[in-house]
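Coordinate inspection notes
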Amino acid sequence: MAAAAVRSWCRRAFAALAVLLQLRGARSATFTIANGCGYTVWPGLLSSAGSAPLPTTGFALAPGESRAVPAPSGWSGRLWGRTLCAAATGRFSCATGDCGSGDVQCNGGGAATPATLAEFTLDGSGGLDFYDVSLVDGYNLPMVVAPSTSTGGKCAATGCAAELNAACPAGLRVEAAADGGPVACRSACDAFGDAQYCCSGAYGNPNTCRPSTYSQFFKTACPRAYSYAYDDATSTFTCAAGSTDYTVTFCPALPTSVKSTGQNPQAAGLPQQLNNGTTMVFFGGNTQTSSAAAASANLLFAVTITAAAAVALALSGSALV
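First, a word on what this report is: a plain description of the structure on this page. Just so you know, these numbers come straight off a predicted model, no measurement behind them. (Residues numbered from 1 in each chain as written. Predicted model: local features only at pLDDT ≥ 70, side-chain atom pairs only at ≥ 80, totals over all residues. Heavy atoms only, no water.)

1. What to know about the nonpolar core
Of all hydrophobic cores here, the largest spans 29 residues; its most connected members are Phe-31, Ile-33, Phe-120, Val-145 and Tyr-246. Among the secondary structure elements, those contributing two or more residues to this core are β1 (27–35), β3 (66–72), β6 (117–121), β7 (128–134), β8 (143–147), β12 (237–240) and β13 (246–250). Each residue touching Phe-120, except ones within four places of it in the same chain, is listed here: Phe-31, Trp-75, Ser-76, Gly-77, Leu-79, Phe-130, Tyr-131, Val-145, Tyr-246 and Val-248. (Core = buried A, V, L, I, M, F, W, Y, C linked by side-chain atoms within 4.5 Å. Buried < 20%, exposed > 50% of the residue type's maximum accessible area, 1.4 Å probe, protein only. Helix = DSSP H or I, 4+ residues; strand = E, 2+ residues; numbered from the N terminus. Contact = heavy atoms within 4.5 Å.)

So this is what it looks like as structure tokens:
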């Protein structure tokens, strides 16, 4: 009788241990990565040091396709979109967002700048998921992160839905080698390396590192995205951990437009500028054609938000510019 009781206790103990192990390894969230662009995007995924790996670190998404990627409890990392990729020489590489692995899978490689980044920490402080979309390392394509259940406040959609490559100031613009069209927009830190733009050295704290005219270019177009290192107050979002999934969409179909000269070669399928005189306009001192503007030492950005985007914001409450 005693032996039978011991065996029964052992079975219950092992069953309880198995449940605990399953809970520890249970998924924390599912990322649904969707491509709304008119061209193929190759998502890249990178786990932070100490985080469990995801089941994939890179794949191709044709226009209109989506793919679900489960993330384990406590996962932290980032994901981004790679564009204009090919393996013509036997080594896979991308014009923007390349992770240097030479393969569709990034295998632990991060995104080459400039790249629009989605950053996540699941099951963080206070039982919350923390997430943001960052342009601190520059921009290469529109991206929006939307939680499955938005409770308002800090649990809401965030990102940058605007197409900024064609409007990028000349000093920050990255152009394709083939036809010279703009394919990405660098950050001022990446382009110039100055401490005031990189928030380093004497500028390595929020009191001394302030928004620049360059970071304001990104912030005005995409007010919920990180535009420089200490942009936390308006750019970090949180949702309840364990009960929220996230959809990451490249080129979301929102009524946003940018008027500029030139056409982004990647922009097929994106909302284009309106022709009613109410289009968002960016003016940069480096790209103005008048001699007076070219001689100006100060970079000045004047931004007018489209009437269509403003109406959409008012109606939805959580739509992005």
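What follows continues from the structure just given.
2. A short note on the state of the cysteines
Applying the stated criterion to the full structure yields eight disulfides. Note that Cys-99 is cross-linked by a disulfide to Cys-106, the S-S spacing being 2.3 Å. Every disulfide takes its handedness from the sign of the S-S torsion; for Cys-99 and Cys-106 that torsion is -95 degrees, giving left-handed. Of the two residues, Cys-99 and Cys-106, both sit in the buried class. (Disulfide = S-S within 2.5 Å.)

3. Some words on the pattern of salt bridges
Pairs may arise between side chains of opposite charge once their charged atoms sit close together. Applying the stated criterion across every chain yields a total of four salt bridges. Between Arg-78 and Asp-137 there is a salt bridge whose closest N-O contact spans 3.9 Å. One end of the pair, Arg-78, is in strand β4 (residues 76–86); the other, Asp-137, is in the loop between β7 and β8, and 59 residues separate them in sequence. With its nearest N and O atoms 2.9 Å apart, the salt bridge here joins Asp-231 to Lys-219. Of this pair, Asp-231 sits in the loop between α4 (213–221) and α5 (232–235) while Lys-219 is found in helix α4, placing the two residues 12 residues apart along the sequence. Residue Lys-219 is classed as buried on the basis of its relative accessible area of 14%. Linked by salt bridges that have partners in common, Arg-78, Glu-119 and Asp-137 make up one network. (Salt bridge = Lys/Arg side-chain N within 4 Å of Asp/Glu carboxyl O.)

4. Notes on the pairing of strand β2 (residues 42–47)
Counting buried residues along β2, five of its six residues qualify, which places the element largely inside the surrounding structure. Of the pairings in the sheet, the one linking β2 to β4 comprises six bridges and is antiparallel in character. Its bridge partner lying in β4, Leu-46 is registered against Arg-78. (Pairing = 2+ DSSP bridges.)

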